Amino acid sequence: MPSQASTDASPGSSEQPPPPSHPFCTGAPYVEREGGSLPGRQHVEHLPETVHRTGVWLANQRQRRDRLDAAQLEALAALGVQWAR
């Protein structure tokens, strides 16, 4: 059973890197592959072991942007998300 400390770490924390299926990890390859554009709401990233609805995730982040911390907004801005700046 994992320790409580390891399960409480957020994906953006410095304690552990986000898993490869995390949206920040799927968003960056999309931006590079598509020449800087962001995924539309219907976009799905197909990963080796799973799929990730990156477009829906990004839309949800926009709706919740007032609840994101500075590190999360900075990571989104680094991907080219205008509303995160």
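Up top is the structure.
To start, this report covers the structure provided alongside it. For clarity, every value in this text was computed on a predicted model and none was experimentally measured.

### Points about the environment of Y30
Checked against the element boundaries, Y30 lands in helix α2 (residues 23-33). Residue Y30 is classed as buried on the basis of its relative accessible area of 10%. Between the C-alpha atoms of Y30 and L79, which are 49 residues apart in sequence, the distance is 9.6 Å. When near neighbours in sequence (up to four residues on either side) are disregarded, Y30 contacts S37, L38, P39, H43 and E45.

### A word on helix α3 (residues 54-63)
Of all 10 residues in α3, seven are buried, a share of seventy percent or more. Within α3, burial applies to T54, G55, V56, W57, L58, N60 and Q61.

### Examining the side chain of E45
Considering the arrangement of structural elements, one finds E45 in strand β1 (residues 45-46). Within the local environment of E45, its side chain forms a polar contact with the side chain of H43, the two groups lying 2.6 Å apart.

### Concerning the pattern of salt bridges
Side-chain pairs of opposite charge can arise whenever the charged atoms involved come near each other. Under the criterion given, the structure shown has one salt bridge. Of the charged contacts, one joins R33 and E45 as a salt bridge, the two residues approaching to 2.6 Å between their closest N and O atoms. Here the residue R33 occupies a position in helix α2, and E45 occupies one in strand β1, the gap between them amounting to 12 residues. By relative accessible area, which is 7% here, E45 ends up buried.

Cut-offs used in this document
- Residues numbered from 1 in each chain as written.
- Predicted model: local features only at pLDDT ≥ 70, side-chain atom pairs only at ≥ 80, totals over all residues.
- Heavy atoms only, no water.
- Helix = DSSP H or I, 4+ residues; strand = E, 2+ residues; numbered from the N terminus.
- Buried < 20%, exposed > 50% of the residue type's maximum accessible area, 1.4 Å probe, protein only.
- Contact = heavy atoms within 4.5 Å.
- Polar contact = N/O pair within 3.5 Å; in protein donor to acceptor, adjacent residues only side chain to side chain.
- Salt bridge = Lys/Arg side-chain N within 4 Å of Asp/Glu carboxyl O.

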